[in-house]
Amino acid sequence: MLKTSLCNLLEIDYPIFQGGMAWVATAELAAAVSEAGGLGIIGAGNAEPEVVQAEIKKVQTLTSRPFGVNIYYMSPHIEALIDLVIAEHVPVITTGAGNPGRHLPRLKEAGIKVIPVVASVALAKRLERAGVDALIAEGMECGGHIGEITTMALVPQIVDSVRIPVVAAGGIADGRGLAAALALGAEGVQIGTRFICAAECTVHPNYKKAIIKAGDRDTVVTGYPGHYVRVLKNKLTRQYEELMKRGASAVEFRELGASKLRAAVVEGDVSSGSLMAGQSAALVKRIEPAAVIIEEIMKEAEEIIARLGVRVNE
Ligand code: TUI
């Protein structure tokens, strides 16, 4: 059976993280993924600490297996969230859109495993020196806030630069992606978009349908330098393109973007909502339980790895 150092480090059965997506990755989804043997992760996003606390408590009632919380470093509640994950003995945190270095001594002292998302070699090296447990190397194929380097190019560069385990993210939705990530030197994968279509994911059904309908060219990157976001094309993204054409200010972009993720997730507004999704959306074919998704990915990866050894020796 396919096991990696990541499974031992985190005491999980399978080297699969579910992305800690803001608004999307609620307790129901995270608990289902953890219960199925992966690492379920609650997405704190910009939520108030009380809301995140309730989600943590809910996961703890639904599963006794390890889970994580993703801390989005542009949140106005960073300090309170760090206090919260320490107080609640959250086993693992992942971090995004910033550098968690200043919080590491306290988090490590509390015994929390810290696994930051990085999109560059420089930050990967700095965070390894600062003492993080593993890293998620996230390529620009992924949904939401993105860096500039593709998964295929970024993962091996980060693997070569650090000694701690690396998790690959961006563009991965099935067993082929897991097998490829392992070939690049990663110890596991983080998957977001496919888990949006998990039966346990609480997003509006319209959001799931839009992902299932998406084809290869249906995502687009919007935003401005330093703040690029990948979403499914719709009326909102056409409005973004207008802003880009006339060189609008960051303030105008922010105003257009405000509350749009909530509109997609809660109201199912597929026209004016921000339907964050990665380029792997086209690989997502149906809604199915998280446990089935994980089983399928593991089975497919194991078969590919077994067959590859034969194929290259023929
Ligand atoms: O964080 C993400 N993806 C996200 S966050 C998000 S929430 C949101 N909501 C509304 C509008 C915009 C965003 C949606 N998607 N991925 C993790 C990630 N982190 N990708 C890239 C980075 C990153 C970037 C710079 C990590 C560190 C970093 O370092 C900066 C520094 O301080 O050195």
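Values in this document were obtained by computation on a predicted structure and should not be read as measured data. Every chain is numbered independently, its residues counted from 1 as its sequence is written. Restriction of local features to residues with pLDDT of at least 70 applies here, the model being predicted, together with a cutoff of 80 or more for giving and counting side-chain atom pairs; totals for whole chains, interfaces and linings are based on all residues. Neither water nor hydrogens contribute to the side-chain values; these are computed over all heavy atoms in the structure.

Draft legend 1. Quick peek at the pattern of salt bridges. Each salt bridge in this description consists of a side-chain nitrogen of Lys or Arg and a carboxyl oxygen of Asp or Glu lying within 4 Å of one another. For the structure on display, the rule yields 16 salt bridges. Close ionic contact of E300 with R176 constitutes a salt bridge, the shortest N to O distance being 3.8 Å. With E300 in helix α14 (residues 290–311) and R176 in helix α8 (residues 175–183), this residue pair connects regions lying 124 residues apart in the sequence. Only protein chains enter the accessibility calculation, which uses a 1.4 Å probe; a residue is then buried when its area is under 20% of its type maximum, exposed when over 50%, and partly exposed in between. Note on E300: relative accessible area 27%, which makes it partly exposed. Residue E267 pairs with R262 through a salt bridge whose shortest N-O separation is 2.6 Å. Since its relative accessible area comes to 48%, E267 is described here as partly exposed. Connected through shared salt-bridge partners, R194, R286, E288 and E296 make up one network. Note on conventions: DSSP H or I runs of at least 4 residues are helices, E runs of at least 2 residues are strands, and numbering of each starts at the N terminus.

Draft legend 2. Main features of the site of the ligand. If even one non-hydrogen atom of a residue comes within 4 Å of a molecule or strand, that residue is called near it. Around the ligand, the neighbouring residues are Y72, G96, A97, G98, N99, V117, L123, E138, G144, H145, H227 and M276. At a separation of 2.9 Å, a nitrogen atom of the ligand approaches a polar side-chain atom of E138. When the free accessible area of the ligand is taken as 720 Å², the share hidden by the protein chains comes to 72%. Residues are grouped as follows: nonpolar covers Ala, Val, Leu, Ile, Met, Phe, Trp, Tyr, Cys and Pro; charged covers Asp, Glu, Lys and Arg; every other residue, Gly included, is treated as polar. The residue inventory of the shell around the ligand, partitioned by class, reads five nonpolar, six polar and one charged. Distance and chemistry together define a polar contact, namely a pair of N or O atoms within 3.5 Å, with one atom able to donate a hydrogen and the other to accept it when in protein, and with adjacent residues in sequence counting only for side-chain atoms on both sides. Values of accessible area rely on a 1.4 Å probe in the Shrake-Rupley scheme; residue burial ignores everything except the protein chains shown.

Draft legend 3. Examining the sheet that holds strand β8 (residues 166–169) more closely. Note: two strands are recorded as paired if DSSP finds a minimum of 2 bridges between them. Ordered in space as β1-β9-β8-β6-β5-β4-β3-β2, the eight strands form an open sheet in which the pairing is parallel. Only two strands of the sheet have a single neighbouring strand rather than two, namely β1 (16–18) and β2 (40–43). Ignoring which end each strand starts from, the neighbouring axes of this sheet average 25° apart. We call two residues contacting when some pair of their heavy atoms lies within 4.5 Å. Throughout, an axis means a line fitted to C-alpha atoms (over the contacting stretch in the case of helices), and angles, computed between N-to-C directions, take values from 0 to 180 degrees. Contacting β3 (67–72) and β4 (92–96), helix α4 (residues 78–87) crosses the sheet at an angle of about 165° to β3.

Draft legend 4. Molecular detail of the pairing of β3. Burial analysis of β3 places five of its six residues in the buried class, the great majority of the element. Where β2 lies against β3, four bridges are found, and the strand directions are parallel. For G43, the partnering residue across the bridge sits in β3 and is N70. By convention a crossover is right-handed if, when the strands point away from the viewer, the path from the first strand over the helix to the second runs clockwise. Considered for its hand, the β-α-β crossover made up of β2, helix α3 (residues 49–62) and β3 is right-handed. Between the parallel pair β3 and β4, the chain is carried across by α4, and the sense of this crossover is right-handed.

Draft legend 5. Representation of the domain arrangement of the protein chain within the structure. What the domain assignment lists for the protein chain is domain 1 (11–202) and domain 2 (205–280). Note that the domain bounds reflect an automated or database-derived domain assignment. Computed from C-alpha coordinates alone, the two centres of domain 1 and domain 2 are separated by 22 Å. The interface of domain 1 with domain 2 comprises 21 residues on the first partner and 19 residues on the second. In this description, buried area is defined as the sum, over both parts, of the accessible area (probe of 1.4 Å) that is lost when the two are combined. Across the interface of domain 1 and domain 2, roughly 1,600 Å² is buried in total on both sides, 65% from carbon and sulfur atoms. Linking domain 1 with domain 2 are eight residue pairs in polar contact (both at pLDDT 80 or more). Secondary-structure elements contributing two or more residues to the side of domain 1 that touches domain 2 are β7 (144–146) and α9 (193–196). For the side of domain 1 that touches domain 2, the element with the most residues is β7, which contributes three residues. Split into classes, the residues belonging to the side of domain 1 that touches domain 2 amount to 15 nonpolar, five polar and one charged.

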